[in-house]
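Residue strings, one per chain:
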Amino acid sequence: MLLPRSADATLHDGQFLLAEGAGLGGPPAITALVRELLPLPLSDGSDLTFRVVADGSLGAEGYHLSVTPDGVTATAATEDGLRWAVQSLLQLVPAGEPRRLPCVEVTDRPAYPWRGSLLDVARWCHPMPFLRRYVDLLAMHKLNTLHLHLTDDQGWRFEVRKYPRLTEVGGFRRESPAGHAREGRSDGVPHGGFYTQRELSDLVAYAARRGVRIMPEIDLPGHTQSAIAAYPELGNLPGRQLETRTTWGISSHILNLSDATRSFVLDVLDEVVEVFPFEYVHVGGDEVPTEEWRASPDALARAAELGLGDVADLQGWFTGLLAEHLAARGRKVGVWDELVDRQAPPGATVFAWQGERRVGVALAAGHPTVAAPQSHTYLDWAETVDDPDEPLAINGPLPLEKVYGYRPDDGVIGVQGQVWSEYLPTTDLVEWRAFPRLAAIAELGWSGPGGDFGEFRQRLAGHLGRLDRMGVRYRPL
């Protein structure tokens, strides 16, 4: 009936007729959300009642939802729980008239506190209205975190007022790859754009009303060619002017670690935390080639000064400085799992992407860990490689059943589906790749692993009608 599957749901005889003018009561933030999302006018009253109650059994996000012939009552220990009750209620509302809801008792709570999706807007700058739509889709599936990948070699999307060239130069590239990157062809079409701090602050508020937190990612010290193109003094090649990268893959150009560059980065992070109030800032750390550091007398001297056995270990030292700076501003850091091998800062939350085994490695190192292995959660991968009509993808196959069947290691704080965008230049393609596999991630995160795929697929078939009504361009089953 519900997707993700509820912890406990019992259908009863009877229906509740939800008519125009029905009475609505509850905390102002929740009633405002209901009025925004429910497609009919409501009055003040008690036909639909939402209440915060002292019920420790529901946890921070659980809820109880009761539909009887007389009305709807939802209770939760927090307003976050009530927000998920609203999403379940919306799933029970049929399309069209009359709106007769089945009588049901639902008690529900999530398996994991972290249930997220990464959206890469650095490779292609997708429009702000789509980011809001993506937030709506996350909330619909009870996914509580949007990981917004804002910077990369191919584009810098976050406005930094102190350093405007980051977006004026780094936010634009001369052209993009045409076809698969290995073909070496280009489209000859400039691409670019960025989001102002005001736009992102408004997005944060929009998401918060729906129970979705936004974690920004500023990828450091690699994946920074766009920043070095804007400010060449950040790089390791004095006198050389780079351009924002026009091909996919990993740039060999990374930040130098001078005092001036560290100050620059900390200034950027200070502006980031002003826009994003969520307790986590992701500082990247993946795929950092160290050839430039190995050829740099300054980097070698820094490593020797710090007593590091390998210049590559400068990455852990650098990330530790970022973590210390952010901690003083009330923030924690997220990092990719490469940092586990480079002395990740104590307490850093690791996003384990390189494979299932890396989830266990991060846990064994004592880090809070989000399971994000590419083998099961990289939704930009093709669902199949056998269909000639399947859009171009970076890798694959990753079928729906494999996503649903993933079983994270015990001890993870959650799961996350990644939508990298190298081969997703349009919002239609983002939706095609994300759905319905993100629905499987959502069920894994909310309901826990071990569900029956056949039963999930039956519920999903009905759920796709809800996506149809939203105009989502999902991949057909």
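Now for a description of the structure that goes with this document. (Residues numbered from 1 in each chain as written. Predicted model: local features only at pLDDT ≥ 70, side-chain atom pairs only at ≥ 80, totals over all residues. Heavy atoms only, no water.)

## Description of the side chain of Arg 173
Note the cut-off: Where helices and strands are cited, they refer to DSSP runs of H or I of at least four residues and of E of at least two residues respectively, numbered from the N terminus. Whether a residue is buried, partly exposed or exposed follows from its accessible area with a 1.4 Å probe, protein chains only, as a fraction of its type maximum: under 20%, in between, or over 50%, in that order. Residues scored as charged are limited to Lys and Arg (positive) and Asp and Glu (negative), so that His and the chain ends carry no count. Just to be clear on terms, a salt bridge is a Lys or Arg side-chain nitrogen sitting within 4 Å of an Asp or Glu carboxyl oxygen. Under this definition, polar contacts are N or O atom pairs within 3.5 Å; protein pairs additionally need one hydrogen-donor-capable and one acceptor-capable atom, and for neighbouring residues in sequence, both atoms have to be side-chain atoms. Residues are treated as being in contact if the distance between any of their heavy atoms lies within 4.5 Å.
Following the sequence through the fold, Arg 173 ends up in strand β12 (residues 172-173). In this structure Arg 173 is buried but unpaired, with Asp 187 as the nearest side chain of opposite charge at 6.8 Å. There is a polar contact of 3.0 Å between the side chain of Arg 173 and the backbone oxygen of Gln 154. For Arg 173, the side chain forms a polar contact with the side chain of Ser 176, separated by 2.8 Å. Ignoring any residue separated from it by four or fewer positions in sequence, one finds Arg 173 in contact with Ala 122, Arg 123, Trp 124, Gln 154, Arg 157, Pro 190, His 191, Thr 244, Arg 245, Thr 246 and Trp 248.

## Here we look at the layout of surface pockets
Going by this rule: Throughout, the protein atoms alone are placed on a 1 Å grid, and a set of points is a cavity if a 1.4 Å probe fits but cannot get out or a pocket if it is open with protein on both sides within 12 Å along at least five of seven lines; lining residues have an atom within 4 Å of a point. Grid points are joined across faces, edges and corners, and a volume is the space filled by probe spheres set on the points. Gly is put with the polar residues, along with every residue not named as nonpolar or charged; the nonpolar set is Ala, Val, Leu, Ile, Met, Phe, Trp, Tyr, Cys and Pro, and the charged set is Asp, Glu, Lys and Arg.
Roughly 540 Å³ of internal volume is contained in the largest pocket. Lining of the largest pocket is provided by 19 residues; of these, Leu 37, Leu 90, Met 140, Arg 466 and Met 470 occupy positions nearest its centre. For the lining of the largest pocket, the secondary-structure elements that each account for two or more residues are α2 (79-92), α3 (128-140) and α16 (453-470). Per-class residue counts for the lining of the largest pocket are 10 nonpolar, 3 polar and 6 charged.

## Examining the pattern of salt bridges
Where charged atoms of side chains with opposite charge meet at close range, the side chains can pair. Going through the model one piece at a time under the given rule, you end up with 31 salt bridges. Between Asp 44 and Arg 35 there is a salt bridge whose closest N-O contact spans 2.9 Å. When the shortest N-O distance is used, the salt bridge between Arg 115 and Glu 61 registers 2.8 Å. With Arg 115 in strand β8 (residues 114-120) and Glu 61 in the loop between β4 (48-52) and β5 (63-68), this pair connects stretches of sequence that are 54 residues apart. Overall, Glu 61 belongs to the buried group, its relative accessible area being 11%.

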